[in-house]
Structures are given as C-alpha cells and as structure tokens.
Amino acid sequence: MTCSFCNVALPVPLRTAFTYAVPESMRSVVQPGSRVLVPFRKQSLVGVVVEFVNAAPEGTKVREIARVLDFVPTLTPKLIELASWIANYYLAPVGEVFRAMLPPLTELKSQRQILLTPSGREASESLSGGELSHGLTGAEATFLTKLKEKKGAVLLGLQSKLGLDVSSLQKLQRLGLIEIHESLQAIRRETLRVIAWKGTGAGSEAAAAKPLAEKEEKIRTLLETERGPLPLPQLLRLANATRSLIDRMLRDALLESWEEPLDPAEDPFDTGYTPPAHELNAEQEAALKGIRARFELGAFGVQLLHGVTGSGKTEVYLRAIQEMLARGKTAIILVPEIALTLWIGRQCRSWFGARFEGVAVLHSALSDVERAREWWRVRNGEARVVVGTRSAIFAPLENVGLIIVDEEQESSYKQEETPRYHGRDIAIVRAKMESALTLLGSATPSMETYHHAREGKYELLTLASRVADRALASVEIVDLREEFQHTHLTSPISSKLHAGIQECLYSKTQALVLINRRGYSWSVLCRSCGASVQCVNCSISMTHHKQRNRLECHYCGSIQPIPKLCPKCQSKYIYFFGEGSEHLEERLRKEFPGARIARLDRDTARTKRQYQETLGAFAGGALDILVGTQMLAKGHDFQRVTLVGVVSADSSLSLPDFRAAERTFQLLTQVAGRAGRGELPGRVLIQTFYPEHYAIQDAVKQDYLSFFERELHFRRMMAYPPFTSLANVIVRDVRLEKAILWSRQLSQYFSPYDGERVRILGPAAAPLARLKREHRFQFLLKSPKRSVLTKLLSGAIAYCDAKEIPQSALLADMDPLSLL
Ligand code: ADP
Ligand code: ZN
Ligand code: ZN
C-alpha cells in the first residue's frame with residue numbers, strides 16, 4: 001500500500017520535519033530522498049522526503065506536495081541516514097543538513113507574484129459595478145480590476161506599469177485584497193545540440209542518391225572518422241560550415257541531432273597533461289601493502305598515512321584508489337583547498353578517467369550549473385571517483401570503498417555555519433556506515449588523529465623520508481629582536497630574507513613569501529587618542545585595503561571609507577599599522593624591481609580561473625616570487641622553489657586559542673615543505689620574536705614527534721582535546737540586554753551539571769564579543785565523554801524552547817575548531 005502522507009525536511013532553522021499529503025498522482029513517484037516542492041507559509045520551498053507516515057498529526061491543516069522534482073530520489077538511503085546522524089550529533093535542523101548535501105537547484109528559479117485573494121476578487125467585482133468601496137483610490141480600484149483580468153496574478157514589479165505605487169501595494173496587502181507569494185518556476189536545463197553522421201547507413205537513400213559536395217564531405221570526415229559526434233558550435237567552426245547547410249543535411253537525413261546537457265568547462269591544464277610514471281619506493285610500497293591488507297578485510301577501518309612533506313603521499317592515494325576501483329567499488333578524495341581539487345582532479349582524470357568520464361570534481365567555486373552537473377554525474381553512476389572539498393563527503397556515490405582525507409588537520413574541513421560538521425569526522429562516520437576504509441593523510445596530523453593512531457584506534461602507516469632521497473629543506477630562524485637591534489628598521493623583510501630572495505633571483509630559482517594577513521594594513525590607529533577604527537558591527541579592527549581604497553571588516557564584510565580624521569577625537573593624526581599581504585607585495589616590488597611577482601590570497605584569487613592562472617604561472621616558471629597567505633602553504637608541488645620566507649611566525653602563535661601552538665607548528669612545517677621539492681635543495685627562513693617557543697623550535701627541526709609529545713603534555717595538563725571533548729555554546733542577540741538575560745537563564749540550566757563528568761566555563765563575553773551586530777556570550781563545555789555533551793546540549797535546546805529563547809540565539813558548536 002502506498003502511503004498518503006510523508007514527512008518533509010525543509011531548509012528552515014526549525015528542528016522538525018513537516019507533514020504533507022501526497023496527491024494520488026504522485027504516489028508511485030515519491031520516495032524517501034525525493035526532492036519535492038511544497039507550500040510553506042507563503043512560500044514554495046524545496047524539501048526532501050524523509051519518510052512516509054500513516055497519518056497527519058492531529059489538529060493541523062495538512063497541505064499537499066505541489067511537485068516532485070526527481071524521478072530517481074536525489075538522496076540515497078545511506079545519505080539520509082548520514083544526515084540524521086549529523087543532525088543529532090551537531091544539533092542541527094535536519095533540513096539544513098540536507099541543504100548542505102543537495103545539488104544546487106539549477107532547474108528552478110524563484111518568482112514573486114501578486115495574487116488576488118477571494119476578498120480582493122469580491123471587491124473588484126463590486127467595483128466593476130461602479131461603486132468605490134473599502135476607501136480605495138481610483139488607481140487602487142483600477143489595479144484590482146486589471147489584476148482580475150489577468151487571471152488574478154501578475155509578477156511583483158509589474159504593478160507600477162499598472163499604475164500602482166508601493167504604498168498602495170502595501171495598503172491592498174494590509175486590507176487582505178492581495179497577497180504576495182513566492183513561487184519556484186522550472187527553467188529549462190542548459191543543453192547543447194550534438195550532431196552526428198547518419199548518411200552512410202544502409203537505409204539512407206539520400207546518401208546513395210547523389211555524391212557529397214566538398215563541404216558535406218568535410219563534415220562527414222569530421223563526424224565519422226576524425227572526431228565523432230560534435231556539439232553544433234564546434235562543428236560549425238571546425239568545418240567552416242553554415243547553419244543552413246547543417247539544417248539542410250539534417251532534413252536530408254545525412255545527419256542526426258539530439259540535445260545533451262552542457263559539458264563541464266574543461267580544465268585548460270588537462271589538455272596534454274601526462275602524469276608522471278613513478279615506481280613506488282620501498283616506503284610507499286609498504287604503505288600501499290598496509291592499505292591493501294585492509295581492503296582485503298572489507299570492513300570499516302581508519303588508517304593514518306603520516307608522511308613528511310614531499311614523501312609522495314599522492315602517489316599512494318592514486319594507487320589505493322586504483323585498486324579500490326578494480327574491486328568494483330568507488331572512492332572519494334577530500335582536499336582542503338579548491339586549488340588542490342584542480343591539481344588532484346587532473347591527476348585522477350589522467351589515471352582513471354578515460355575521456356574524463358569516471359571522475360567528478362565538486363567544490364564551491366564551480367558555478368551552480370557546473371556543480372549540479374557534476375553532482376548528477378555522480379548520482380547517475382557516471383563517475384566513480386569524486387575529488388572535492390569538504391562538502392564532497394556528501395557526494396551521492398554508491399558502493400563506497402575508500403575515503404581519503406588529504407591534509408586531515410586542515411581547519412577548512414570544519415564548516416563554520418550550520419550544520420557545523422567536520423568533513424574528516426564525517427568521512428569516518430560515512431566509512432563506518434558503508435563498511436569502507438578511511439585513509440587520513442598528513443605530514444602534520446592533528447593532535448586528535450595522531451593520538452588515536454598511537455592508542456591503536458587508527459592504524460599508522462609512515463613515510464619517513466622524501467622521495468628520491470631528497471633532503472628536507474633546512475630551516476633557520478631570523479630573530480626579529482636582534483634584527484631590530486642591528487638595523488633599527490621595522491621592515492617585515494629582514495636583511496637575511498632580502499639576501500635570500502636576491503640569491504633566488506640571481507640563480508633563477510623561485511621564492512615563496514608567506515604572510516598571515518591579507519589587506520594593506522590590519523589596523524588603523526589614532527596617534528592622539530589611541531583609538532583604532534573598529535567595524536560598526538563587530539568588535540574587530542578594520543583592515544585597510546589600498547587598491548580598493550577603503551576599510552573592510554574581514555568578519556562581516558562591511559566597508560568604510562578611509563577616515564581623514566579620527567572618528568573619536570577628530571584628530572588628523574591617523575596612522576596605518578601592521579603590514580598585510582597587499583603591502584608586502586608592494587614592498588617586494590620596490591625592493592626587487594624587475595622581479596616577476598604575484599600575490600595569492602583571498603582578494604586576488606576570487607575565482608577558480610584566477611587561482612589557476614597564478615598557480616599555473618608560478619608552476620610554469622613565469623614568476624619569480626609568489627607572496628601570499630596560508631593558501632601557499634598547502635599541498636602544492638612546485639619544483640623550482642629554493643626559498644620559503646615566513647614574514648611572521650608570531651601572528652598565529654598569539655591567538656587566544658589553545659590550538660595556537662599546534663596551528664603554528666603545522667603552518668610552518670607545511671610551508672617549509674614547499675621548498676626543495678625538486679632537484680634543488682630548499683631553505684626556509686622563519687622570522688619571529690619568540691625563537692624559544694617549542695612550536696617554532698620543533699618546526700625548525702621539522703620534528704613532528706617531538707612537537708606532539710610536548711603539546712600532548714600541555715593538553716593533558718589543561719584537560720583539552722584529545723583528552724576531553726569540547727562544545728562551544730554562544731548566546732547571541734543584537735540587543736545586549738537580551739543576550740545577557742538569555743545567557744543568565746542558560747547558566748541556570750547548566751550550573752547543576754557542572755562537576756566531575758562535565759566542566760562548564762562561563763558565561764563570559766566571547767573573544768569576539770560582538771559579531772555581525774550581535775552581542776555574544778560564551779559557555780565552554782568540557783567532558784571526557786562526548787555523549788555527555790550531546791545530551792547536555794540537546795537538553796539546553798529543549799530548555800531554550802521552554803523559556804522561549806529563540807533558536808537562532810543559541811549557537812552550539814560540537815568539537816569546535818575556533819573558540820572565537
Ligand atoms: P606529499 O604529498 O607527500 O608532500 P607528493 O605526493 O606531492 O608529496 O609527491 C612529491 C613529488 O614526488 C611529486 O612530484 C611526485 O611526482 C614525486 N614522486 C612521488 N613518488 C615518487 C617516487 N616513487 N619516485 C620519484 N618521485 C616520486
Ligand atoms: Zn583619536
Ligand atoms: Zn564586521
């Protein structure tokens with residue numbers, strides 16, 4: 001029996017699913033996982049059917065599903081299961097989890113319409129009788145009549161053409177004579193016309209009837225022997241033919257044509273790329289053997305591939321995927337940066353994707369159309385390897401055997417908005433559901449992961465040396481205190497770094513210069529009163545961007561003009577302080593005239609194309625110096641880099657976060673790993689005011705184990721992860737009094753639990769006390785048992801509901817990476 005009701009998860013911040021009736025005509029199509037269009041309040045929303053139910057909840061008016069968007073359910077049962085796990089664990093509304101999983105809705109566009117209500121219809125009928133009722137003006141009355149003539153609906157925006165202004169529109173709405181509805185309309189998918197040769201078949205009389213003209217012959221060779229079926233625009237270009245010729249040949253049945261979805265934009269670097277064919281060295285071979293042994297078990301497991309930078313982890317990943325595919329299963333490989341999806345994607349395509357099929361790339365810089373296309377290729381089983389960033393963990397692959405997480409320690413795997421999931425952790429949960437293997441790879445594993453490996457929870461595989469007996473780069477410290485004593489200059493480029501870069505230029509090798517902040521100056525101060533220019537919405541100082549000639553807040557994106565006078569005391573002694581990447585680039589250009597310099601940060605690399613161009617230019621030797629933020633540190637395999645300069649190791653060390661040392665060590669080790677990867681030896685210069693700090697000392701030695709031991713000791717003493725689990729709870733509101741009131745209330749809920757099993761710190765003003773106009777108070781929950789935290793938090797949510805504290809005021813972050 002098919003059910004007539006189902007629960008639908010909607011992308012709204014409410015922790016429930018909603019019951020809808022399934023119309024008779026849709027019953028054979030709707031399934032769990034199907035996307036449906038449903039009315040919700042005054043909108044139409046796209047939701048996902050979670051389950052069928054026998055009856056609607058009592059006392060509610062159940063509305064009907066308006067449309068089914070898929071004939072094959074979008075989400076597989078495994079993904080529905082995963083979504084509900086995430087919703088529980090991260091305390092997120094399940095509809096928002098689905099939203100993170102679903103492909104972009106390219107088939108729909110939203111429209112707002114003005115609709116005539118029944119009383120509006122009545123009114124317009126009485127109006128046409130000549131009477132002006134309801135106290136309407138002439139223009140308003142005319143509009144109602146016209147609306148009725150147009151079958152009671154016009155697009156919002158068209159009313160002005162019909163002589164109605166906005167205040168009248170609002171008045172009619174208030175009187176209940178009209179309604180404004182949002183609706184989603186189907187739009188045609190973008191397709192491409194493909195032309196193929198048909199004429200030589202036995203049944204074709206036309207072909208036999210008369211010999212082909214020269215142009216036609218050209219088209220035949222192209223389509224039949226040289227290239228195969230071609231998209232129409234390409235055919236026109238290659239054959240130098242006209243549209244009317246093709247049309248005629250179609251009519252004559254020499255050609256046939258059909259519509260195909262557009263092809264994903266090709267990666268320009270794909271053409272002519274041949275992957276290196278290395279023989280694995282003994283360490284790589286041993287690691288692969290360990291992975292293979294796991295495959296043979298065919299059960300869930302987690303392995304950590306700990307390999308120093310340049311040890312050839314990618315090669316191991318590719319072979320592991322290859323063996324998994326040979327077993328008839330599929331694989332996902334997650335990378336921390338969009339730029340790396342291009343690089344790994346290219347390698348995967350050349351290994352596995354005959355004609356680029358078989359491999360899909362998913363990340364957020366793709367256009368919606370491209371992303372939807374890639375997503376559906378995966379869903380339809382056309383791609384068996386998925387390369388992508390964080391959300392690619394939700395790729396609708398079936399029969400997953402292997403999930404690789406490259407650079408597993410990267411904080412970009414954590415989503416900093418609802419649902420606040422961690423891609424690496426989900427990789428493990430998903431692998432468990434699929435009885436698959438998770439392979440975590442890193443030169444600098446996170447404390448949590450390495451701890452698990454040492455405790456035997458994960459299996460440890462090690463690549464201790466670089467490929468081809470290459471040495472790790474030599475790392476030196478530049479003590480900025482000494483530097484200042486010698487030179488009395490405050491340039492962020494020390495004399496040693498300057499000399500190093502000069503040497504690179506001289507020997508025609510390349511240099512990378514890392515700086516941790518983007519923008520021109522990261523602080524604007526008043527010399528008279530000492531005030532710094534703060535964001536109007538956040539308790540954060542504004543960053544000066546010179547090229548854009550304005551101040552920007554890096555947290556909420558607000559902008560301000562550059563002040564001429566101090567906003568506080570009107571003094572004109574404004575000065576800019578703290579050099580960011582934009583400033584550093586300018587300085588390098590001055591200090592090294594003639595050098596070919598580019599900058600890579602979030603301001604210069606806004607699109608996939610920009611990334612590609614800069615990285616491609618650097619990799620191809622068209623640049624001498626690349627300056628940029630952390631983006632530079634990750635995974636790239638540049639062959640001619642002999643010098644890496646770190647302008648300041650201290651900016652990450654001084655953050656108010658217990659992970660500051662870990663982050664600094666990882667960043668320095670990673671960036672040091674970019675030097676000396678080719679035949680040429682590498683050198684790294686780290687500038688710091690704290691050369692004694694263990695994070696810096698161990699980074700100089702590139703000694704992961706030493707760092708791990710010291711940091712672990714600190715974590716144990718302070719009862720931080722991996723020895724405890726954390727949850728960060730923020731209470732926030734635009735109104736300060738509300739934020740204070742609610743955090744007091746919540747404190748009453750929490751405080752009885754404070755004790756052995758859970759420690760509750762707070763409420764205190766959050767380190768970011770104001771963000772996007774909201775005042776923020778913080779609780780930090782610590783427990784040796786994560787399940788205790790989950791229980792406590794779901795209790796807190798229920799408590800907030802009971803106290804009528806709005807759900808949006810409470811932000812609960814399980815396993816937070818940032819405590820700001
Ligand atoms: P990692 O990710 O561990 O830093 P990569 O996977 O980027 O290192 O590999 C570093 C370089 O070594 C790449 O240029 C790769 O082509 C090369 N490489 C990998 N395996 C071998 C091998 N067995 N012999 C020689 N070169 C190799
Ligand atoms: Zn001032
Ligand atoms: Zn701001």
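Rules behind the numbers
- Residues numbered from 1 in each chain as written.
- Chains lettered and ligands numbered in written order.
- Predicted model: local features only at pLDDT ≥ 70, side-chain atom pairs only at ≥ 80, totals over all residues.
- Heavy atoms only, no water.
- Pairing = 2+ DSSP bridges.
- Helix = DSSP H or I, 4+ residues; strand = E, 2+ residues; numbered from the N terminus.
- Axes fitted to C-alpha atoms, helices over the stretch in contact; angles between N-to-C directions.
- Contact = heavy atoms within 4.5 Å.
- Donors = N, O, S within 2.8 Å, 3.2 Å for Na, K, Ca; no water.
- Buried < 20%, exposed > 50% of the residue type's maximum accessible area, 1.4 Å probe, protein only.
- Core = buried A, V, L, I, M, F, W, Y, C linked by side-chain atoms within 4.5 Å.
- Phe/Tyr/Trp six-rings, centres within 6.5 Å; stacked < 30°, edge-to-face > 60°.
- Lys NZ or Arg CZ within 6 Å of the ring centre and 35° of its normal.

Asker: What should I look at first to understand the sheet that holds strand β20 (residues 510-514) in this one?
Answerer: Strand-to-strand pairing in sheets goes through backbone hydrogen bonds, with the strands running parallel or antiparallel. What the six strands build is an open sheet, ordered β19-β29-β28-β20-β27-β26; its pairing is parallel. Since the sheet does not close on itself, it has two edges, and those belong to β19 (474-479) and β26 (597-600), each with one partner. When the angles between neighbouring strand axes are averaged without regard to direction, this sheet yields 20°. Of the pairings in the sheet, the one linking β26 to strand β27 (residues 625-628) comprises four bridges and is parallel in character. By the bridge assignment for β27, isoleucine 597 is matched with isoleucine 625. Running over the sheet, helix α16 (residues 480-487) touches β19 and β29 (683-688) and is turned about 55° from β19.

Asker: Explain the coordination of the zinc ion (ligand 2) to me, please; I cannot follow it from the model alone.
Answerer: Geometry sets the ideal angles at a metal, namely 109.5 degrees for four tetrahedral donors and 90 or 180 degrees for six octahedral donors. All of the protein donors around the zinc ion (ligand 2) are Cys526 (SG), Cys529 (SG), Cys566 (SG) and Cys569 (SG); their distances to the metal are 2.2 to 2.4 Å. Considered as a linear motif, the donors of the zinc ion (ligand 2) on their single chain read C-x2-C-x36-C-x2-C. Of this pair, cysteine 529 sits in the loop between β21 (521-526) and β22 (543-545) while cysteine 569 sits in the loop between β24 (559-560) and β25 (574-579); the two residues are 40 residues apart in sequence, bridging distant segments of the chain. The partly exposed category is assigned to cysteine 569, whose relative accessible area is 34%.

Asker: How should I be thinking about the nonpolar core in this particular structure?
Answerer: Residues Leu75, Phe98, Met101, Ile393, Leu746, Phe750 and Leu781 are the most contacted members of the largest nonpolar core, which totals 114 residues. Take this core: its biggest share by element is eight residues, from helix α25 (residues 786-802).

Asker: Please explain the packing of aromatic side chains as it appears in this structure.
Answerer: For any two aromatic rings, the description comes down to two numbers: the centre-to-centre distance and the angle of the planes. One pass over the structure, following the stated rule, counts 20 aromatic pairs. On the numbers, 5.1 Å between centres and 70° between planes, the contact of tryptophan 375 with tryptophan 376 is edge-to-face. Judged on exposure class, the residue tryptophan 375 and its partner tryptophan 376 are both buried. Taken together, a centroid distance of 6.2 Å and an interplanar angle of 50° make the contact between phenylalanine 665 and tyrosine 704 tilted. With phenylalanine 665 in helix α21 (residues 660-672) and tyrosine 704 in helix α23 (residues 704-718), the pair connects residues that are 39 residues apart, well separated along the chain. Like tyrosine 704, phenylalanine 665 is buried. Here the aromatic residues Tyr450, Phe665, Tyr694, Tyr704, Phe707 and Phe708 are joined through ring pairs into a cluster of three or more. For the cation-ring pair, arginine 517 lies above tryptophan 522, with the distance from its terminal atom to the ring centre recorded as 3.9 Å.

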